[in-house]
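Notes for the structure review
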Amino acid sequence: MKICCIGAGYVGGPTMAMIAKQCPDIPVTVVDINQARIDAWNSDKLPVFEPGLDEVVKEARGRNLFFSTEVDEAIREADMIFMSVNTPTKTYGVGAGRAADLKYVELCARRIAEVAESDKIVVEKSTLPVRTAESIRRILAGSGKNLNFQVISNPEFLAEGTAVEDLTAPDRVLIGGEESAEGDKAVQALVDVYAHWVPRERILTTNVWSSELSKLTANAFLAQRISSINAISALCEVTGANVDEVAHAIGRDSRIGPKFLRSSVGFGGSCFQKDILNLVYLCEHFGLPEVAKYWEQVVAMNEHQKRRFVDRMVSTLFNTVSGKKIAILGFAFKKDTNDTRESPAISVCRDLLEEQANLAVYDPKVEPATIRHDLALAEGDERVDICTDPYVAIRGAHAVAILTEWDSFKALDWERIYREMLKPAFVFDGRNILNLSDLRKIGFEAYGIGKGGER
Ligand SMILES: NC(=O)c1ccc[n+]([C@@H]2O[C@H](COP(=O)([O-])OP(=O)(O)OC[C@H]3O[C@@H](n4cnc5c(N)ncnc54)[C@H](O)[C@@H]3O)[C@@H](O)[C@H]2O)c1
Ligand SMILES: O=c1ccn([C@@H]2O[C@H](COP(=O)(O)OP(=O)(O)O[C@H]3O[C@H](CO)[C@@H](O)[C@H](O)[C@H]3O)[C@@H](O)[C@H]2O)c(=O)[nH]1
């Protein structure tokens, strides 16, 4: 058995590194058209920051894990091909702003159809709309070759920042296949790969459509929990209730459970918004407008939460931030990642710039070039200073906004920060990681999400 994975991104790289680590008997080649990315995977500075990933890659790379740009060769040699390419929201034409753009997936399928010389199991690892396997099958069948192509679905549930942990001990692995003898054989081949380290009872097998739909559904449910608690946070702020206490109290009900109830400035990341919009589009496509509207509200509430955070900052800062220095702590969409895709920090910073604030941004892992790109800053734009030291970012600022829950922010010397800020010194904790009453004792005017301000 030989494995190839097309797409060496946040999913392809870590998942294949884990398979290679756990299955030393299986050669795994990860290919990508992006030469710089492949070079980085072959270097000491991996393109993806994930705790524990360096060790996993170092153990397997060169032994049975390879990164390459030789896409055709890897396809030809493999028995099983994972498609782990990006599936962003479509920005043009029919379904723009909602539907998933499947052009990269289709290109992969066409490439496989063109160069394959033997039977292949094609695994959908990318997140795809339900029934994509049908299109892939048709494209593969169009090759006119007398080969057996089995298309199975194996969505990935890892979260960034905990990818290695999630891949080492997944809650479940989901594999969906065609309901036929050939389909069962293909599913079994992938079950055998995961069974190297995942307990058999955690490997779920379903039909292919259930598997595809379960991925979108899982993300919709997860994001819905955040939007639900964030909706309640707005009510907490005007009533004197504390959203952390409410979350704790409801989470103790075993039917609700305590996880994923952290109120925040809003959810980010490359998946939640994209996947919900994809679900919304599918519902509309299948003539279910009420269902579409229901899920769309999860995204609308998230937009509202981000905007509400900025509005609260501006109104608290005497209704203007024009010309004021605001320190931004954290730019990644969550801690322990250098990924900024759909990070709430992007919209918060853009809105503050719109209000003519000057920003000093510090993030321990995000590259300055990424921040400049995300904020669409022109060369020499002096409104945003990207700092490598949090104390420099905060010195002389009117306010600090915490936008990512990096642990290091809790350990900062807040007494020193208070001394070095303008007074009154405001803290807006968009992640509820700081103890507001301690900050108030120091002298700060401190605000959290879902908590009243200085009283
Ligand atoms: N990021 C996550 O945490 C996460 C988790 C679960 C599922 N997913 C899903 O996994 C898929 C991949 O996500 P990602 O975050 O890894 O994306 P990514 O953008 O980091 O990586 C995708 C890679 O595919 C490459 N690629 C695109 N077309 C190609 C082609 N024709 N041939 C070779 N390489 C090609 C790109 O160059 C890129 O490096 C998406 O469908 C996403 O929704 C992502
Ligand atoms: O209680 C919470 C939990 C998360 N978040 C935010 O929600 C976003 C997403 O976080 P998380 O889900 O942990 O990270 P992702 O890497 O986006 O992972 C999600 O998206 C992936 C891609 O589809 C799935 O594989 C994962 O299962 C799913 O958790 C981040 O901005 C978090 O800060 C909150 O605001 N409150």
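All figures in this text were calculated on a predicted structure; none of them were measured in a lab.

1. Observations regarding the site of ligand 2
Taken together, 21 residues sit near ligand 2, with Phe157, Leu158, Ser264, Cys271 and Arg431 positioned nearest. Measuring from an oxygen atom of ligand 2, one finds a backbone N or O atom of leucine 261 at 3.4 Å. Here glycine 268 contributes a backbone N or O atom positioned 2.9 Å from an oxygen atom of ligand 2. Burial of ligand 2 by the protein chains amounts to 94% of its free accessible area of 690 Å². Broken down by secondary-structure element, the contributors of at least two residues to the shell around ligand 2 are helix H9 (208-239) and helix H11 (272-285). Its residues assigned to classes, the shell around ligand 2 shows 11 nonpolar, 3 polar and 7 charged.

2. Focus on empty space enclosed by the protein
Considering all chains together, one arrives at 4 cavities of 30 Å³ or more under this definition. At the level of elements, helix H12 (289-316), strand S13 (426-429) and strand S14 (445-448) are the ones that each hand at least two residues to the lining of the largest cavity. Per-class residue counts for the lining of the largest cavity are 4 nonpolar, 3 polar and 4 charged.

3. What to know about H9
Taking 1.5 Å of rise per residue, the 32 residues of H9 would be expected to cover 46 Å, and the 47 Å separating its terminal C-alpha atoms lies within 8% of that figure. Along H9, the sharpest change in direction is near 25° and occurs at serine 214. Where H9 begins, one side-chain oxygen reaches toward the backbone nitrogen of tryptophan 209, 3.0 Å away; that side chain belongs to asparagine 207. Glycine 240 sits one or two residues past H9 and shows a positive phi near 90°.

4. Structural notes on the sheet that holds strand S10 (residues 358-362)
Taken in spatial order, the 6 strands make up an open sheet running S11-S10-S9-S12-S13-S14, and their pairing is parallel. Two strands lie at the open edges of the sheet, namely strand S11 (384-387) and S14, each paired on one side alone. Each strand of the sheet is rotated relative to its neighbour by a mean of 15°, with strand direction disregarded. Note that S10 and S11 share 4 bridges and pair parallel. For valine 361, the partnering residue across the bridge sits in S11 and is isoleucine 386. Strands in contact with H12 are strand S9 (325-329), strand S12 (399-402), S13 and S14; relative to S13, the strand with the most contacts, it is inclined by about 170°.

5. Side note on the confidence of the model for the chain
Overall, the prediction assigns the chain a mean pLDDT of 97, with 99% of residues at 70 or greater. Quick note on the complex model: pTM equals 0.96, ipTM equals 0.98.

6. Notes on the site of ligand 1
Around ligand 1 sit 24 residues, and of these Asp32, Arg37, Thr87, Glu160 and Lys274 come closest. Glutamate 160 is positioned with one of its side-chain polar atoms (N or O) 2.8 Å from a nitrogen atom of ligand 1. Within the complex, the protein chains bury 91% of what would otherwise be the 830 Å² of accessible surface of ligand 1. When grouped by side-chain class, the residues that make up the shell around ligand 1 number 8 nonpolar, 9 polar and 7 charged. Summarising the domain contributions, the shell around ligand 1 has at least three residues from each of domain 1 (3-198) and domain 2 (214-454).

7. Regarding the layout of surface pockets
Estimates place the volume of the second largest pocket at around 540 Å³. Contributing to the lining of the second largest pocket are 21 residues, with Tyr10, Pro47, Val48, Phe49 and Asn338 lying nearest its centre. Top element by residues in the lining of the second largest pocket is helix H14 (residues 368-374). It accounts for 3 residues. When residues of the lining of the second largest pocket are assigned to domains, at least three fall in each of domain 1 (3-198) and domain 2 (214-454).

How each quantity is defined
- Residues numbered from 1 in each chain as written.
- Chains lettered and ligands numbered in written order.
- Predicted model: local features only at pLDDT ≥ 70, side-chain atom pairs only at ≥ 80, totals over all residues.
- Heavy atoms only, no water.
- Near = heavy atom within 4 Å.
- Polar contact = N/O pair within 3.5 Å; in protein donor to acceptor, adjacent residues only side chain to side chain.
- Areas by Shrake-Rupley, 256 points an atom, 1.4 Å probe, with all protein chains shown as cover.
- Helix = DSSP H or I, 4+ residues; strand = E, 2+ residues; numbered from the N terminus.
- Nonpolar A, V, L, I, M, F, W, Y, C, P; charged D, E, K, R; others polar.
- 1 Å grid on protein atoms, 1.4 Å probe; cavity = no way out; pocket = protein on both sides within 12 Å on 5 of 7 lines; lining within 4 Å.
- Points joined across faces, edges and corners; volume = space filled by probe spheres on them.
- Expected span 1.5 Å × (residues − 1).
- Bend = angle between axes of the 7 residues up to and from the residue.
- Pairing = 2+ DSSP bridges.
- Axes fitted to C-alpha atoms, helices over the stretch in contact; angles between N-to-C directions.
- Contact = heavy atoms within 4.5 Å.
- pLDDT = per-residue confidence, 0-100.
- Domains from an automatic or database assignment.

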